[in-house]
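Structural overview
Now for the letters of each chain:
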Amino acid sequence: MGYFTSVKPISQPKPIEPEKLKPALHDKIERMDGLHLSMLNRVPLQLEAEELAGHLGEGFDKDYERGLQRRIPELAKKFRDEHPYA
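Quick look at the structure, then. The structure displayed is predicted, hence computed values, not measured ones. Within any chain, residue numbers begin from 1 and follow the written order of that chain's sequence. With the structure being a predicted model, the display of local features is reserved for residues of pLDDT at least 70 and the display and counting of side-chain atom pairs for 80 or more, all residues being used for whole-chain, interface and lining totals. Note that water and hydrogens are dropped before the side-chain values are worked out from all heavy atoms of the structure.

**Re the overall build of the protein**
The helix and strand inventory of the protein stands at 3 helices and 0 strands. Under the DSSP-based scheme used, a helix requires at least four consecutive residues in state H or I and a strand at least two consecutive residues in state E, with every element numbered from the N terminus. When the helices and strands of the protein are listed from N to C terminus, the series reads α-α-α. By the burial criterion, 2% of the 86 residues in the protein qualify as buried. For the protein, the accessible area works out to roughly 8,700 Å², and carbon and sulfur atoms hold 60% of it. Each residue gets one of three labels from its accessible area relative to the maximum for its type: buried under 20%, exposed over 50%, partly exposed in between, using a 1.4 Å probe on protein chains only. All accessible areas in this document rest on Shrake-Rupley with a 1.4 Å probe, and a residue is counted as covered only by the protein chains that are shown.

**Section: the pattern of salt bridges**
When a carboxyl oxygen of Asp or Glu is within 4 Å of a side-chain nitrogen of Lys or Arg, the pair counts as a salt bridge. The final tally for this structure, using the stated rule, is 4 salt bridges. Between D27 and R31 there is a salt bridge; the shortest N-O distance is 3.0 Å. Here the residue D27 and the residue R31 both occupy positions in helix α1 (residues 18-31), the gap between them amounting to 4 residues, near one helical turn. Using a relative accessible area of 41% as the deciding quantity, one classes D27 as partly exposed. Judged by relative accessible area, which is 60%, R31 ranks as exposed. Across the salt bridge formed by R71 and E74, the nearest N and O atoms sit 3.4 Å from each other.

**Section: a nonpolar patch on the surface**
Every patch collects residues that have over 30% relative accessible area and no salt bridge, joining them within 9 Å if they carry like charges and within 5 Å if they are nonpolar side chains (Val, Leu, Ile, Met, Phe, Trp, Tyr). Taken together, the side chains of I16, L21, L25, I29, L37, L40, V43 and L47 define a hydrophobic patch exposed on the protein surface, amounting to about 630 Å² of accessible area. Elements that contribute at least two residues to the nonpolar patch include exactly α1 and α2 (34-65). Ranked by the residues each element gives to the nonpolar patch, the list is headed by α2, at 4 residues. Relative to the helices and strands, I16 resides in the segment before α1.

**Observations regarding the environment of D63**
Of note, D63 is situated in helix α2. The exposure class assigned to D63 is partly exposed, which follows from its relative accessible area of 25%.

Structure (structure tokens):
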């Protein structure tokens, strides 16, 4: 048997009102040690990274639709010709 065999997965967490959630989270954060704070700090960073990756993906999709990816060598050469020290 595994370590987490008694833990049942939650299908969808119930939304909690921000007015109630914020104080509860602040209380938990105040009781955390350095290691747990460091791990917790990674959560918003990961969320932000995933959001930015989504935006990048959308941008790449738009560029692909406009044919810009096929033109990368041409555009790079044009940039280098216009900016010889870049």
